[in-house]
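Each chain is listed here by its residues.
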Amino acid sequence: MRIERTKRMKKRVAYYQGCSLEGLAVEYDISTRSVCKALDVELVEIPDWNCCGSTPAHSHDPLLSAALAGRNLAIAEKIGCETVMTPCPGCLKSLKGALQVFHNEREHDSFMQLLAMPFAGEIKAISVLQLLYETVGADQILQRITRPLIDLVLAPYYGCLLSRPAQFAQFDDPENPVSMDELLSSAGATVVDFPYKTECCGATYGVTRNEIVAKLTGRILDMALSLGAQAIVVACPLCQQNLDLRQSQVDRHWKRRFDIPAVYITQLLGLALGIEPERLGLDKLFVKPDFFLKLSLNHSEQMKEAQS
Amino acid sequence: MRIGVFVCQCGTNIAGTVDTESVACQALQHPDVVYATSYMYTCSEPGQQQIQRAIKEENLQGVVVAACSPRMHEPTFRRAVEKAGLNRFMFEMANIREHVSWISNDRDANTKKAAEQVQMAVAKLRFNHPLFSSKVPINKKVLVIGGGVAGIQAALDCADGGLEVVLVERQPSIGGKMAKLDKTFPTIDCSSCILGPKMVDVVQKENIRLSTCSEVESVSGYIGNFSVQIRRKTTYVDWSLCTGCGLCMEKCPSKKVPDHFNEDLGNTRAISIPFPQAIPRKATIDKEYCRQFTKGKCGVCKKLCPVGAINFEMEDEFISEDVGAIIVATGFDMFDHTSYGEYGGGRFPDVISGLQYERILSASGPFGGHIKRPSDGREPKNIVFVACVGSRDASVDRPYCSGVCCMYIAKQAILTRDHLPDANCYVFYMDIRSPGKNYDEFVRRAQEEYGVNYIRGRVGKIYPKDDHLIVQGADTLLGVQVEVKADLVVLATGVEASAGARELAEKLRISYDQHGFYMESHPKLRPVETNTAGVYLAGVCQGPKDIPSSVAQGSAAAAKVQALFSRDTLETNPQVALVNERACVACGKCIQVCPFGAIQWKELRGGIQKAEVLPSVCQGCGLCNATCPPKAVQLQHCTDNQILAEIDVLCA
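Residues numbered from 1 in each chain as written. Chains lettered and ligands numbered in written order. Predicted model: local features only at pLDDT ≥ 70, side-chain atom pairs only at ≥ 80, totals over all residues. Heavy atoms only, no water.

## Let's talk about the packing of helix 5 (residues 107-125) of chain B against helix 18 (residues 640-651) of chain B
Residue and element names in this part refer to chain B. Two numbers describe how helix 5 lies on helix 18: the axes approach to 8 Å, and their chain directions differ by 145°. Both helix 5 and helix 18 take part in a crossing whose hand is right-handed. Together, Glu 116, Gln 119, Met 120, Ala 123 and Lys 124 of helix 5 and Gln 642, Ala 645, Glu 646, Val 649 and Leu 650 of helix 18 make up the contact between the two elements. (Axes fitted to C-alpha atoms, helices over the stretch in contact; angles between N-to-C directions. Helix = DSSP H or I, 4+ residues; strand = E, 2+ residues; numbered from the N terminus. Left-handed = near helix turned anticlockwise from the far one by under 90°. Contact = heavy atoms within 4.5 Å.)

Right under this line is the structure:
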């Protein structure tokens, strides 16, 4: 009984979904939950979670931003979690920033005063990618693959925040990250050596200066297609938004039709783990990934036939 | 005892935050102090004369100087009091600069602490006794560790002066990194043409004993009398027989052995002579690739060798050498060019390191001196050089300048334009550092005469596209982003401390900085000495530098050894342990703890055993003193009584 309990404790992770995953990136939330369930990772949603303190807060007062993120961490600590996982790199940056402020001698006291609740600062904040790559591990995932992604050629795109700045992220190679490459390879896919894996997608300029996003995102789409990729794999809601939702705008700017899906890493791993496409939110994508869904499903049927 | 106290102001270094007059006044209240004064620069000639005059006029028997660290001027003041007729050990120094004035601005607290330091020095001095040195002979043989250009120069200069030299080199051949270079800046002379004759000189000098494939295993002893254990790693070839004919290398069936001399750009055999000009020109077997060792059978070389030099049963040998001085010239390693993920070194075959390009340029290199791409052997049309790869970058823990990569890029670009006049060369740089003689003119020539395109800015990313490499960078002078379609990219890698540098430092008891470069005794005034007497530095092991500076340091270290060896004897340090035989209970604990083996048993009449210190071996560390239960062993000039006296006045 006791042993079982500790075993369960090991993979109990606080889950901070953040605002994007409630809205535009709902499929990231759905697929993250499904994949974690399939891999026996218990996600405990932080009760009464609040804004991570992103742009509106930190452009007004960095300390307020840190305290907002700190409140989520403090609650997670209170419910007995050692790690908080968030799929959104923006949220991750805020959570890690709060920990940094907590451990900074000069800011510590004013941070705690503003937070006004007990907080030990011992909790660790990681991304879902880091959870899959480091906590679960590619070899563990490999053992549970039931529908390998054979026939799929994928371009992993990490964006700017997941591995950088190096000393802050403490994850993967800052300039040539390989965690998604390795996860996708172990899921059976062909992964292209994607040179633009950390190039800028234009980020929030999508709202204010759309042509910047059109130009930068277009380069990424173009590079992925020129390398023969059938889809771009992402781990950031903002990158995904620019690559997927805004792809028609990019098409207009470049006067061509890219037509390449931008899929979350959790969605693809979910497919490989045998989770039904509906439980991965694949229908929420703007650029439809139908063809590779078929490829992947056909392949698994062939496998089944071969086995029987 | 009549004691005089001299408080130094050191200009404003001390007087700025310490009331030196007050320190001197307070000193007069201590027992035995009959004279105290404060002076602007006590170490200056008038300052020293003031001490000497006071010794004579006031009949002083002991002197305290409160000034800087004893590491700086204790020898100076000891000489001064000796000239005035006192024993040099009737002198004490209180460090009120490094330990007081430089570390705080609180004048009152500083003055109080300085006065206490002086009080402690006076208390100790009251228990000082005159001590006298004895003389020990110097072993006039020198060990040079490292056979690169700095070590070669040091060995040759020592040998020219008639000294016996032992030269130890880790690799099978001497020559170091310089032997791998094609040409040298800023004169474009051929590296092996200027180094080769020096290498030959090393084997032709009768008084140089060369030991390659060897490493220093352990070092004991002290200046004038070191004893060194050298491990000669087995080569499986009896070098006393090997003639260097090269037949074994020609016939060896194991052909896919990375050629380290060619920076792994080509292959060599499992038995090989590293390069045509190798000194000594002898074959070595690489056990990792030799079929005799990997498969258990082969022996082709053994059958073919005309002199029967191959011996698969050979083992490491140990050689003992007694020397009087050691010159350390262990050189450096190149920064690992695969460390930057964004440059793709190690992933893309046509992204190479500076030293790899040097081998490509060399006529004895993997492509016979023709510039070709490692991937497909095609002649490159556009070549990009990236400066400061692993230099001046704190994010990879290399915040220092390599001191050579600006210059070797300029040289390589000039040579490229000479070899391939139609090729375009681009150099991405941060700043151009060319402070040597004729260096800046050389870089200008690359830009102006040879038309090399210098772009000021960093490269952010390199990736392959079609048959090319796309180099994305910034031109910070124009404020634009640039993209170059390159065929070959040379990463101008910086330098780092040699592998094993830290371990060797510990054997030699010398210190190193946070990057593993050896510390000189003084950054300006003692550039080739270390803090261990009798151990000297030459070349890049002390810090990044180019060939002229390495050679100059090699000669400088040799000159230091010559100066040391121009005497026949050394004065011993009388600050050694001494056994009070009446108190010794013969427990033997001191013998157990002594790290230098300086204590032995001595038999008195009637077979009574007592401990005895060998003064010539004792280093004065004090371990025996601290260990001895009845306190029979006392370290001279630092006895228990002296330390307790200091503590007493501080706690009173």
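## Points about the nonpolar core
Grouped together as the largest cluster of nonpolar side chains are 123 residues, with contacts concentrated most on B:Leu143, B:Ile326, B:Ile327 and B:Tyr357. Once residues lying within four places of it in the same chain are set aside, the contact partners of B:Tyr357 are B:Ile352, B:Ile371, B:Ile383, B:Phe385, B:Gln412, B:Thr416, B:Leu488 and B:Val490. The next biggest cluster of nonpolar side chains, apart from the first, holds 96 residues, and it includes A:Ala25, A:Ile123, A:Met180 and A:Ala235. (Core = buried A, V, L, I, M, F, W, Y, C linked by side-chain atoms within 4.5 Å. Buried < 20%, exposed > 50% of the residue type's maximum accessible area, 1.4 Å probe, protein only.)

## Quick look at empty space enclosed by the protein
What the rule picks out here adds up to 6 cavities of 30 Å³ or more. Reported here for the largest cavity is a volume of approximately 100 Å³. Residue composition of the lining of the largest cavity, by class: 12 nonpolar, 3 polar and no charged. (1 Å grid on protein atoms, 1.4 Å probe; cavity = no way out; pocket = protein on both sides within 12 Å on 5 of 7 lines; lining within 4 Å. Points joined across faces, edges and corners; volume = space filled by probe spheres on them. Nonpolar A, V, L, I, M, F, W, Y, C, P; charged D, E, K, R; others polar.)

## Structural notes on the domain arrangement of chain B
Residue and element names in this part refer to chain B. Domains assigned within chain B are domain 1 (3-125), domain 2 (141-233 + 316-331 + 498-565), domain 3 (247-304), domain 4 (333-496) and domain 5 (577-636). Computed from C-alpha atoms alone, the centre-to-centre distance between domain 2 and domain 4 is 31 Å. Counting residues at the interface gives 19 residues for domain 2, matched by 25 residues for domain 4. Both sides of the domain 2 and domain 4 interface together cover about 1900 Å² of buried area, and 67% of this is carbon and sulfur. Inspection of the domain 2/domain 4 interface yields 1 salt bridge. Taken together, the links from domain 2 to domain 4 amount to 6 residue pairs in polar contact (both at pLDDT 80 or more). Looking at the side of domain 2 that touches domain 4, its residues break down into 10 nonpolar, 3 polar and 6 charged. (Domains from an automatic or database assignment. Buried area = accessible area lost by both parts, 1.4 Å probe. Salt bridge = Lys/Arg side-chain N within 4 Å of Asp/Glu carboxyl O. Polar contact = N/O pair within 3.5 Å; in protein donor to acceptor, adjacent residues only side chain to side chain.)

## Let's talk about the side chain of B:Ser362
All names here are of chain B. Mapped onto the fold, Ser 362 is located in the loop between helix 11 (354-361) and strand 21 (382-389). With relative accessibility at 6%, the residue Ser 362 sits in the buried group. Of the polar contacts made by the side chain of Ser 362, one reaches the backbone nitrogen of Ser 364; its length is 3.1 Å.

## Comments concerning the interface of chain A and chain B
With 10 residues of chain A at the interface, the matching set in chain B holds 8 residues. Across the interface of chain A and chain B, roughly 800 Å² is buried in total on both sides, 44% from carbon and sulfur atoms. On the chain A side of the contact with chain B, A:Glu175, A:Asn176 and A:Pro195 bury the most area, a combined 46% of that side's loss. Here chain A and chain B share 3 salt bridges between them. Taking the shortest distance from any N to any O, the salt bridge between A:Asp193 and B:Arg347 comes out at 3.3 Å. Grouping the constituent residues of the side of chain A that touches chain B by class yields 3 nonpolar, 2 polar and 5 charged.

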